[in-house]
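Below are the chains, spelled out letter by letter.
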Amino acid sequence: ADVARGAHDLAGRRIVVSAGGTREPLDPVRFLGNRSSGKQGVAIAEAAAARGAEVTLVAANLEVAEPGGCRIRHVSSALELRDAVREAAVGADAVVMAAAVADYRPAAVSEAKIKKVDGQDHLTLELVRNPDILAELGASDHDGTLLVGFAAETEADRDRLLELARAKRRAKGADLLVVNRVGWSQGFAADENTVAVVGPDDAIVAEASGSKMSVAHGILDVIAGRLAPGAA
Ligand code: CTP
Ligand code: CA
């Protein structure tokens, strides 16, 4: 990895990275969100830029500082993230979907702040499915664009964790799937990370552990080795 880092091995490449967590609006002041900080995705964007790539970072509600050297597209909801990723993905060498995208959004967004109702002790929200952005890319004509998905799972058993990752990679038509385990205090806002990268044929093509920046370089080593011949 250290050699590759110095080698500008991503020069001339266009890489799209989504990072952060989407917020699904309920009304003008409320949303449904998740605990993704954006740290790992931002580290990948920053590391890719340092290795010479032209990076578009699609940033959803980051809780960390924005990286330098990248073009940044700010989004909030899953639908906004989808538009930005689709636009940036055209002709890209790789799309890295590190963002935590809400699977569901409120069926209706209230124009006015929702008021509580006296005597009403329960409130039921109706949610509808969001599009699966990675699966859409996987099913579309994406010749020459390497698709990289992420999965944060709470499964503690390593073999079952890897099985989930393999199934997810196949289901989404991604080339690579990066999996890590998360819990209430593990993964999301942490500075360190441990991941495995699952590739075609269900093989584990890499494992990386350490700072999110060092894990970012480990993931980029795999990506760099699998880009379609061309630039660089
Ligand atoms: N993803 C996406 N669009 C969605 C949901 C997820 O593009 N609507 C992407 C994520 O960015 C990630 C990958 O798909 O790269 C896996 O996300 P994950 O939530 O682990 O997968 P799901 O298929 O939503 O499975 P689960 O039911 O376990 O949440
Ligand atoms: Ca999901």
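Residues numbered from 1 in each chain as written. Chains lettered and ligands numbered in written order. Predicted model: local features only at pLDDT ≥ 70, side-chain atom pairs only at ≥ 80, totals over all residues. Heavy atoms only, no water.

For the protein, the name recorded in an unreviewed UniProt entry is Coenzyme A biosynthesis bifunctional protein CoaBC, with Agromyces indicus as its organism.

A. Up close: the overall build of the protein. A count of helices and strands for the protein gives six helices and twelve strands. Whereas a compact globule of 232 residues would reach a radius of gyration of roughly 17 Å, the protein reaches 18 Å, a difference of no more than 12%. Each principal axis of the C-alpha atoms in the protein carries an extent, and together these give about 65 × 40 × 35 Å. When burial is assessed residue by residue, the protein has 44% of its 232 residues classed as buried. In the protein, once contacts between residues fewer than 6 apart in sequence are set aside, the share between residues at least 24 apart is 67%. Per element, the accessible surface of the protein, about 11800 Å² overall, is 49% carbon and sulfur. (Helix = DSSP H or I, 4+ residues; strand = E, 2+ residues; numbered from the N terminus. Rg over C-alpha atoms; globule rule 2.2 N^0.38 Å. Buried < 20%, exposed > 50% of the residue type's maximum accessible area, 1.4 Å probe, protein only. Contact = heavy atoms within 4.5 Å. Areas by Shrake-Rupley, 256 points an atom, 1.4 Å probe, with all protein chains shown as cover.)

B. Just the coordination of the calcium ion (ligand 2), in detail. Looking at the metal site, the calcium ion (ligand 2) is ligated by Asp103 (OD) and Asp103 (OD), spaced 2.4 to 2.5 Å from it. Following the sequence through the fold, Asp103 ends up in the loop between strand 6 (94-97) and strand 7 (104-106). (Donors = N, O, S within 2.8 Å, 3.2 Å for Na, K, Ca; no water.)

C. Inspection of the site of ligand 1 at higher detail. Close to ligand 1 lie 13 residues, the nearest being Met97, Ala99, Pro131, Leu134 and Lys168. Lys168 places a side-chain nitrogen or oxygen 2.7 Å from an oxygen atom of ligand 1. Contact with the protein chains covers 75% of the free accessible surface of ligand 1, which is 580 Å². Judged by the proximity of its atoms to the pocket grid, ligand 1 belongs to the largest pocket. Looking at the shell around ligand 1, the elements that each hand over two or more residues are helix 4 (133-139), strand 9 (146-153) and helix 5 (158-172). In terms of residue count, the dominant contributor to the shell around ligand 1 is strand 9 (three residues). The residue makeup of the shell around ligand 1, split by class, is eight nonpolar, one polar and four charged. (Near = heavy atom within 4 Å. Polar contact = N/O pair within 3.5 Å; in protein donor to acceptor, adjacent residues only side chain to side chain. 1 Å grid on protein atoms, 1.4 Å probe; cavity = no way out; pocket = protein on both sides within 12 Å on 5 of 7 lines; lining within 4 Å. Sits in = over half its atoms within 2 Å of the grid points. Nonpolar A, V, L, I, M, F, W, Y, C, P; charged D, E, K, R; others polar.)

D. View of the pattern of salt bridges. Summed over the entire model, instances satisfying the criterion amount to 14 salt bridges. The salt bridge involving Asp9 is made with Arg51; its shortest N-O contact spans 2.8 Å. Residue Asp9 is found in the loop between helix 1 (2-6) and strand 1 (14-20), and its partner Arg51 is found in the loop between helix 2 (39-50) and strand 4 (54-60); the two are separated by 42 residues along the sequence. A salt bridge links Asp221 to Arg51, with the nearest nitrogen and oxygen atoms 2.8 Å apart. With Asp221 in helix 6 (residues 212-226) and Arg51 in the loop between helix 2 and strand 4, this pair connects stretches of sequence that are 170 residues apart. One salt-bridge network, held together by shared partners, links Asp9, Arg51 and Asp221. (Salt bridge = Lys/Arg side-chain N within 4 Å of Asp/Glu carboxyl O.)

E. Structural view of the sheet that holds strand 4. Sheet architecture is open: eight strands sit in the order 5-4-1-6-9-10-11-12, paired in mixed fashion. A single partner strand is all that each edge strand has here, and the edge strands are strand 5 (71-75) and strand 12 (204-211). Adjacent strand axes in the sheet meet at a mean angle of 15° when their direction is disregarded. As judged from the six bridges shared by strand 9 and strand 10 (residues 176-181), these two strands associate in the parallel manner. Across the sheet, the residue bridging to Phe150 is Val178, located in strand 10. Helix 2 rests against strand 1, strand 4, strand 6, strand 9 and strand 11 (192-198) of the sheet, and its axis sits at about 160° to strand 1. Helix 5 rests against strand 9, strand 10, strand 11 and strand 12 of the sheet, and its axis sits at about 145° to strand 10. (Pairing = 2+ DSSP bridges. Axes fitted to C-alpha atoms, helices over the stretch in contact; angles between N-to-C directions.)

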